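# Architecture and fold: a report
As a plain string of letters, each chain reads:
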Amino acid sequence: MNPNVPLTKKNYTRAIIVVSIAIPAAVAFLILGPQAKIDLGFNTHSLPLFHAILNSSTAILLLASLYFIRHGQVVAHRRANWTAVILSAVFLVSYVLYHATNPSTRFGDLNHDGLLSDPEKQQAGSLRYIYYFILSSHILLSGIIIPFVLFTMQRAYQQKFDKHRKLAKITWPLWLYVAVTGVVVYVMISPYY
């Protein structure tokens, strides 16, 4: 791309597609692939709380963004969204670091042995199914939301505001759901860390 082309004319579609495929693929490999854990030389056990703080901050920023745009405060709207994107990127890096250095935590695993015994399953009860439903929808939508966020931002910077608004009506609730369910998942799993 020509660096002299104004931002309003630049098209990052290829880059958005690559990023939208690469990030979920890398995270899936990290979670589902070989479970060799690395030692970063510092304690990463408090990162899940940090992730919940990032997710709750993102949710607040998304609510603020909606408020700002509905009240004609375009600059504040843009800043809120950029900050939400930055926090989401920080979350992603931190999430990868956490899962690269710690074993997965299982809902209901009271003795932290990585296995769910029958008594542990009984104690967790049907809340386990609710947790896994919320977690599954959160994971699925967190992968889906990446291109939505990036294309919505691209349309704003290209000053294609009609297309931006149309896509934002899908992006905003999905992104808010991902941010809020991230906090809910943390609250539900935190007794088992």
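## A short note on the overall build of the protein
When helices and strands are tallied, the protein shows 6 helices and 0 strands. In the protein, the order of α-helices and β-strands from amino to carboxyl end is α-α-α-α-α-α. Judged by the C-alpha coordinates and their principal axes, the protein covers about 60 × 35 × 25 Å. Expressed as a percentage of the 193 residues in the protein, the buried residues total 34%. Sequence-distant contacts, at least 24 apart, represent 73% of the contacts inside the protein between residues at least 6 apart. For the protein, the accessible area works out to roughly 11900 Å², and carbon and sulfur atoms hold 68% of it.

## Regarding a nonpolar patch on the surface
A contiguous nonpolar surface patch, about 430 Å² in accessible area, is contributed by Ile38, Leu40, Phe42, Val93 and Leu97. When you line up the elements, Ile38 lands in the loop between helix H1 (13-32) and helix H2 (47-70).

## Considering the packing of aromatic side chains
This model, assessed by the stated rule, comprises 8 aromatic pairs. Relative to Tyr192, the ring of Phe107 lies with its centre 5.0 Å away and its plane at 65 degrees, an arrangement referred to as edge-to-face. In this pair, Phe107 sits in the loop between helix H3 (74-101) and helix H4 (118-124) while Tyr192 sits in the segment after helix H6 (161-189), placing the two residues 85 residues apart along the sequence. For the pair Phe107 and Tyr192, one class covers both residues: buried. Geometrically, the ring pair formed by Tyr131 and Tyr132 is edge-to-face, given 5.0 Å between the ring centres and 75 degrees between the ring planes. The structure contains a cluster of three or more aromatic residues connected by ring pairs, namely Phe107, Tyr131, Tyr132 and Tyr192. Over the face of the ring belonging to Tyr129 we find Arg128, whose NZ or CZ atom lies 5.5 Å from the ring centre.

## Focus: the confidence of the model for the protein
Here the protein shows a mean pLDDT of 91. Residues at 70 or above account for 94%. Across the protein, the secondary-structure element scoring lowest on mean pLDDT is H1, at 88, and the one scoring highest is H2, at 98.

## Things to note about the side chain of Asn81
Positionally, Asn81 belongs in helix H3. The contact partners of Asn81, leaving out residues within four places of it in the chain, are Leu62, Ser65 and Trp175.

Calculation notes
Residues numbered from 1 in each chain as written. Predicted model: local features only at pLDDT ≥ 70, side-chain atom pairs only at ≥ 80, totals over all residues. Heavy atoms only, no water. Helix = DSSP H or I, 4+ residues; strand = E, 2+ residues; numbered from the N terminus. Buried < 20%, exposed > 50% of the residue type's maximum accessible area, 1.4 Å probe, protein only. Contact = heavy atoms within 4.5 Å. Areas by Shrake-Rupley, 256 points an atom, 1.4 Å probe, with all protein chains shown as cover. Patch = residues over 30% accessible without salt bridge, like charges linked within 9 Å, V, L, I, M, F, W, Y side chains within 5 Å. Salt bridge = Lys/Arg side-chain N within 4 Å of Asp/Glu carboxyl O. Phe/Tyr/Trp six-rings, centres within 6.5 Å; stacked < 30°, edge-to-face > 60°. Lys NZ or Arg CZ within 6 Å of the ring centre and 35° of its normal. pLDDT = per-residue confidence, 0-100.

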